[in-house]
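# Structural description and commentary
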Protein chains: 2
Amino acid sequence: MAQTEEKDIVTAAVLVIGDEILSGRTKDKNIGYIADHCTAIGIQLREVRIVPDVIDEIVAAVNALRARYDYVFTTGGIGPTHDDVTADAIAKAFGVRIDIDPRALALLKPYYERRGLELTEGRLRMARIPEGAELIENSISVAPGFMLGNVITLAGIPNVMQVMLDAVTPRLRTGKKMHSVAIDLQAPEGAIADVFAEHQKAYPTVSMGSYPTFRDNRPSTQLVLRSTEPDLLAEAVEGLKAKLSAKGFL
Amino acid sequence: MAQTEEKDIVTAAVLVIGDEILSGRTKDKNIGYIADHCTAIGIQLREVRIVPDVIDEIVAAVNALRARYDYVFTTGGIGPTHDDVTADAIAKAFGVRIDIDPRALALLKPYYERRGLELTEGRLRMARIPEGAELIENSISVAPGFMLGNVITLAGIPNVMQVMLDAVTPRLRTGKKMHSVAIDLQAPEGAIADVFAEHQKAYPTVSMGSYPTFRDNRPSTQLVLRSTEPDLLAEAVEGLKAKLSAKGFL
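Residues numbered from 1 in each chain as written. Chains lettered and ligands numbered in written order. Predicted model: local features only at pLDDT ≥ 70, side-chain atom pairs only at ≥ 80, totals over all residues. Heavy atoms only, no water.

### Considering unusual backbone geometry
Counted only if it meets this: Working definition: helices are DSSP H or I runs of at least four residues, strands are E runs of at least two. Numbering for both runs from the N terminus.
With phi around 70°, Val 142 of chain A is a residue other than glycine that occupies positive phi space. Looking at the element boundaries, Val 142 of chain A is found in the loop between β6 (134-136) and β7 (145-148).

So this is what it looks like as structure tokens:
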């Protein structure tokens, strides 16, 4: 784990687990949501991986990512069916045991009893939690997520993932927020590339990106400047606007 | 490269390159599209990664993925601005030189001349192609993608990425197509998990996944069975339907 309490920058990765994303059957909606959430709370998302429901693939990805980033969010693979192997994979990645967790069972049992549903072997799988993990509340369908070390294991269904992400957020250490300013131009990015590259050199610590689109069938460009330092960001934005104005682009 | 001409199974990975995806500014639309395309033409997408516009991160991901899969599709980072570093990263990953490519220049020059636009230093960047690469046609905005070894470098803008993907597809080796059958159930997946797990054991080579949703506020489940062998798949589907019927789920 790359955690130190004093660090200003807190980083994360997302690991999406599921054959259905790789086959195209399901279009992922969680990556963009977690990206926005991380940006909003002051965590920098640095990498995403999508892997199939294969334990050894999940183990390799979890271990690569948790060694490198402050947090790893996993989505998917914690349901009741045999293709839900994420909890086992997390336990294997950390080298800890996994079994029915009394806390998770205490949540699931009354939920199914109230509904007159049997606590099948499959449903019991959702109470299997790696040893040492903290549970993460699921206010929609009860079966919990969990956090083990710096790995946060969430459901794959977007609305369930979202309530779990909200539930775990107060437990996360956050860093300086990344501020960003966008400048919209009615010009193709090729026209402003040289000015923009020169400006990047003048402010090497401000991240500057250019995003072309076609608007009303004409090429337009959005320039995005990002920094954790609001004053420096404002200075870089004003300086760039002045240069673009001088060249007739603003 | 894991390529052999005789192989029935052809695999691929996608590498999405761009700070804007990781920050949440842009929601990726390419992964799902390429996943569908691969499934349709007989290539199995096995892994996806998203990395920032940082050369060494791209190099590490390209080299990890190209060693492991038959093809790697990259998206993003081949425009005219300084944050477009994908071509340089691919050259570095392969250890080859990169410079203005006469074939690419011959495409770009008349395009800009016809529009009365200057061939700026930025626009010239889009003619920089790693040594030894084949160009991939861009029928929308001319600046080409390229294919070097088993790495296919495409634009990030979805409609441009899509025409490039169509252009390169005839050059790709494809394998057996993955066939899939979906079974929709008006039951929560927890109810069918045990039957489903037992059926998976009977057909270990047929991939079986369960995908829960809430439909009309009631939990429902889609079971998806996938195989490259249509006869085996049909048998597994019929067998499962019989078991589900016997238990009253169908």
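### Thoughts on the sheet that holds strand β10 (residues 207-215) of chain A
All names here are of chain A. Here is the rule: Only strands that DSSP links by at least two bridges are regarded as paired with each other. As a rule, the C-alpha atoms of each element are fitted with a line to give its axis, helices using only the stretch in contact, and angles between N-to-C directions run from 0 to 180 degrees. Contacts are residue-level and defined by heavy atoms, with any inter-residue pair within 4.5 Å sufficient.
Strand order in the open sheet formed by three strands is β9-β11-β10, with antiparallel pairing between adjacent strands. For this open sheet the edge positions go to β9 (179-185) and β10, each flanked by a neighbour on one side alone. Mean inter-strand twist for the sheet, computed between neighbouring axes without regard to direction, equals 20°. As defined by bridge partners, β9 adjoins strand β11 (residues 218-227) across seven bridges and the pair is classed as antiparallel. Bridging across to β11, Leu 185 finds its partner in Thr 221. Running over the sheet, helix α8 (residues 189-202) touches β9, β10 and β11 and is turned about 170° from β10. Contacting β9 and β11, helix α9 (residues 230-246) runs over the sheet at an angle of about 10° to β9.

### A closer look at the pattern of salt bridges
All names here are of chain B. Cut-off, in case you're wondering: Salt bridge, as used here, is a side-chain nitrogen of Lys or Arg placed within 4 Å of a carboxyl oxygen of Asp or Glu. Per-residue accessibility, obtained with a 1.4 Å probe over protein chains only, is compared with the maximum for each type, and a residue is labelled buried under 20%, exposed over 50%, and partly exposed between these values.
Within the structure shown, the criterion is met by 25 salt bridges over all chains. Across the salt bridge formed by Arg 97 and Glu 131, the nearest N and O atoms sit 3.1 Å from each other. Placement of the pair is Arg 97 in the loop between α4 (86-94) and β4 (98-100) and Glu 131 in the loop between β5 (128-130) and β6 (134-136), with a sequence separation of 34 residues. Using a relative accessible area of 62% as the deciding quantity, one classes Arg 97 as exposed.

### A short note on the sheet that holds strand β9 (residues 179-185) of chain B
Note: strands within a sheet are paired through backbone hydrogen bonds, in either parallel or antiparallel orientation. Residue and element names in this part refer to chain B. Strand order in the open sheet made by the three strands is β9-β11-β10, with antiparallel pairing throughout. Looking at the sheet topology across the chains shown, the edges are occupied by β9 and β10 (207-215). Averaged over all pairs of adjacent strands, the angle between their axes in this sheet comes to 20°, without regard to strand direction. Here nine bridges tie β10 to strand β11 (residues 218-227), and the two strands are oriented antiparallel to one another. Residue pairing across strands places Tyr 211 opposite Gln 222, the latter belonging to β11. Sitting on the sheet, helix α8 (residues 189-202) touches β9, β10 and β11, and the angle it makes with β10 is about 170°. Most of the contacts of helix α9 (residues 230-246) go to β9, to which it runs at about 10°, and overall it touches β9 and β11.

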